[in-house]
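So the chains spell out like this:
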Amino acid sequence: MPNWSSSEGWTCFGLAKGPGGRDSSGVKVLLALLAGTLMASGVTKELVRVYQPLSLHETDSASELEEGEFVQAEVVARAMVLSGAFPEDLIREVARPCRLETNNPDYLVAETNLLVLCRIELDVLRSGRDLSVSFDLSHAERPEGVELSIRQVIEMSIECIRRTMGAYYRDGGQERFQVQVSILGLEEKSASLSDLATGFEVGPEEAAEEPEFGDEDLSLPIDDEDGGQ
């Protein structure tokens, strides 16, 4: 067995020793490698929750939006790994395409995220502690099989942002953010949707209201006043 303390023994990384058994170059290499490892491990990778507005068409599931009114759509949480404290990336994930896994070969739905299905673009910009979220309706349309209006989809999506930020704080976020939501790409027939623009502040106290996985009340009261818009 090598004698690690002896000048006759092995050297780290197989480097030759100098006089007296010391090797300053080997020590420098070792320190550099350790520093690189510490720097790499300094970027946190945390499991967090993102809420998405999902369509349940082609399934036998539904959620109650108002008492006695059921639709095939739901606000659903999914898991992702977040690298670093970037809440703007979490909000972008609300609009990520989502295909539900299944063991049924007859369920062939390729996309369930209502933002994707309705061609609504979500963007978010961060400036300090301000988060500017925009929904662009320039190409928005309600596809066949989706029974919610564009208004309802946006309302669900804003609720997803609120819940996602609540989960972010529950998982350790500390900074308060001012979230400003704007509606872009409105036409004459959809001008009434401008009233969906809103603003709210989020902070660590929202974490207390965020349910654990499996405890969520996913029902969401939604108004439909625009005849599909």
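Residues numbered from 1 in each chain as written. Predicted model: local features only at pLDDT ≥ 70, side-chain atom pairs only at ≥ 80, totals over all residues. Heavy atoms only, no water.

**Q** I tried to follow helix α4 (residues 150–170) on my own but got confused; where do I start?
**A** Each full turn of the α-helix corresponds to 3.6 residues, which orients residues three or four apart in the same direction. Taking 1.5 Å of rise per residue, 21 residues should cover 30 Å, and α4 covers 30 Å from first to last C-alpha, within 8% of that figure. α4 sits mainly inside the fold: 18 of its 21 residues count as buried. (Helix = DSSP H or I, 4+ residues; strand = E, 2+ residues; numbered from the N terminus. Expected span 1.5 Å × (residues − 1). Buried < 20%, exposed > 50% of the residue type's maximum accessible area, 1.4 Å probe, protein only.)

**Q** Is there a simple way to explain the nonpolar core in this structure?
**A** For soluble globular proteins, the rule of thumb is that nonpolar side chains tend to be buried together. Ranked by internal contacts, the top residues of the largest apolar core, which has 45 residues, are I120, V133, F135, I154, I161 and M165. The element that contributes the greatest number of residues to this core is α4, accounting for 11 residues. With residues near it in sequence (within four places) discarded, F135 still touches L115, I120, E121, L122, I154, S157, I158, I161, V181, S182, I183 and L184. (Core = buried A, V, L, I, M, F, W, Y, C linked by side-chain atoms within 4.5 Å. Contact = heavy atoms within 4.5 Å.)

**Q** So what exactly am I meant to see when it comes to the packing of aromatic side chains here?
**A** One pair of aromatic rings is described through two measures. These are the centre distance and the angle between the planes. Evaluation of the coordinates by the stated rule reveals zero aromatic pairs. Just above the ring of F200 sits the side chain of R162; from NZ or CZ to the centre is 4.0 Å. (Phe/Tyr/Trp six-rings, centres within 6.5 Å; stacked < 30°, edge-to-face > 60°. Lys NZ or Arg CZ within 6 Å of the ring centre and 35° of its normal.)

**Q** Is there a simple way to think about the sheet that holds strand β5 (residues 121–127) in this case?
**A** What links the strands of a sheet is backbone hydrogen bonding, and the strands pair in either a parallel or an antiparallel sense. The strand order across the open sheet built from four strands is β5-β6-β7-β8, with neighbouring strands paired in mixed fashion. Edge positions in the sheet fall to β5 and β8 (198–202), since each has one partner strand and no second. Neighbour to neighbour, the strand axes of the sheet diverge by 20 degrees on average, direction disregarded. Direction of pairing for strand β7 (residues 177–184) relative to β8: antiparallel, over a ladder of five bridges. Each residue of the ladder has a partner; that of Q180, found in β8, is G199. (Pairing = 2+ DSSP bridges. Axes fitted to C-alpha atoms, helices over the stretch in contact; angles between N-to-C directions.)

**Q** Whenever I open this one, a negative patch on the surface confuses me. Can you help?
**A** A grouping of E64, E67, E69 and E147 is seen on the molecular surface, where their side chains present a negatively charged patch. Structurally, E69 is set in strand β3 (residues 69–71). (Patch = residues over 30% accessible without salt bridge, like charges linked within 9 Å, V, L, I, M, F, W, Y side chains within 5 Å. Areas by Shrake-Rupley, 256 points an atom, 1.4 Å probe, with all protein chains shown as cover. Salt bridge = Lys/Arg side-chain N within 4 Å of Asp/Glu carboxyl O. Lys, Arg positive; Asp, Glu negative; His and termini not counted. Charge placed at Lys NZ, Arg CZ, Asp CG, Glu CD.)

**Q** Teacher, can you tell me more about the pattern of salt bridges here?
**A** Pairing is possible between side chains that carry opposite charge, provided their charged atoms lie close to one another. For the structure on display, the rule yields 10 salt bridges. Among the ionic pairs, D89 bridges to R92, the shortest N-O distance being 2.8 Å. Of the two residues, D89 and R92 are both situated in helix α2 (residues 87–93); the distance of three residues between them amounts to about one turn of the helix. Close ionic contact of R151 with D195 constitutes a salt bridge, the shortest N to O distance being 3.0 Å. Taken together, the residues R151 in helix α4 and D195 in the loop between β7 and β8 connect sequence positions 44 residues apart. Ionic contacts of the salt-bridge type, sharing partners, join the residues E88, R126, R129 and E175 into one network.

**Q** What should I look at first to understand the confidence of the model for the protein in this one?
**A** Any segment with low pLDDT has predicted coordinates that should not be analysed in fine detail. The share of residues in the protein with pLDDT of 70 or more is 69%, and the mean pLDDT across the chain is 78. Put simply, helix α1 (residues 24–41) is where the protein has its lowest mean pLDDT, 59, and helix α3 (residues 114–117) is where it has its highest, 97. Every residue in residues 1–17 is under pLDDT 50, and counting partners more than four places away or in other chains gives 19 contacts. In this model, residues 213–223 is a region of pLDDT below 50 whose contacts with residues beyond four sequence positions or in other chains number 29 contacts. (pLDDT = per-residue confidence, 0-100.)

**Q** Which parts of the structure should I look at to understand the environment of G203?
**A** Of note, G203 is situated in the segment after β8. Between the alpha carbons of G203 and F177 there is a distance of 6.5 Å; along the sequence they are 26 residues apart. Sequence-distant contacts of G203, defined by excluding residues within four places in its chain, comprise Y169 and R176.

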